[in-house]
Amino acid sequence: MPNDAQAVRDYADIIRGDFELYFRDIQGYFRCLEAERARAFEEAREVSEEYGFLLQTIDQ
């Protein structure tokens, strides 16, 4: 990011494009993280159920 106001005006289109690209990419990254979190949470739920079944089975 230029420190000079004139340079900012001169390169406004490029700077704006860089910011928009950053925001698009970070949103995609956050969506990816959320999808992985949901997948891992579901996996943990399934494993917990399986472990509960194991405990019930060996306690009988």
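Everything numeric here is computed off the predicted structure, so don't read it as measured data.

Some words on the overall build of the chain
Moving on, step 1. Within the chain, the regular secondary structure consists of two helices and zero strands.
Moving on, step 2. For 60 residues, the compact-globule estimate of 2.2 N^0.38 gives 10 Å, and the chain exceeds it by more than 25% at 24 Å.
Moving on, step 3. Considered along the principal axes of its C-alpha atoms, the chain spans approximately 80 × 15 × 5 Å.
Moving on, step 4. Of all 60 residues assigned to the chain, the portion counted as buried reaches 3%.
Moving on, step 5. Counting only carbon and sulfur atoms, one obtains 59% of the accessible surface of the chain, whose full area is about 5600 Å².
Moving on, step 6. A gap of 6 Å separates the mean positions of the 7 positive and 14 negative side-chain charges of the chain.

So, the environment of Q6
Moving on, step 1. Relative to the elements of secondary structure, Q6 occurs in helix α1 (residues 5-10).
Moving on, step 2. The partly exposed category is assigned to Q6, whose relative accessible area is 39%.
Moving on, step 3. Among the polar contacts listed, one links the side chain of Q6 to the side chain of R9, at a separation of 3.1 Å.

Some points on the pattern of salt bridges
Moving on, step 1. Counted by the stated rule, this structure contains seven salt bridges.
Moving on, step 2. Linking E34 and R37 is a salt bridge whose minimum nitrogen-to-oxygen distance equals 2.9 Å. You can see E34 and its partner R37 sitting in helix α2 (residues 12-59), three residues apart, about one turn around the helix.
Moving on, step 3. A single salt-bridge network, built from bridges that share partners, covers E36, R39 and E43.

Conventions used here
- Residues numbered from 1 in each chain as written.
- Predicted model: local features only at pLDDT ≥ 70, side-chain atom pairs only at ≥ 80, totals over all residues.
- Heavy atoms only, no water.
- Helix = DSSP H or I, 4+ residues; strand = E, 2+ residues; numbered from the N terminus.
- Rg over C-alpha atoms; globule rule 2.2 N^0.38 Å.
- Buried < 20%, exposed > 50% of the residue type's maximum accessible area, 1.4 Å probe, protein only.
- Areas by Shrake-Rupley, 256 points an atom, 1.4 Å probe, with all protein chains shown as cover.
- Lys, Arg positive; Asp, Glu negative; His and termini not counted.
- Charge placed at Lys NZ, Arg CZ, Asp CG, Glu CD.
- Polar contact = N/O pair within 3.5 Å; in protein donor to acceptor, adjacent residues only side chain to side chain.
- Salt bridge = Lys/Arg side-chain N within 4 Å of Asp/Glu carboxyl O.

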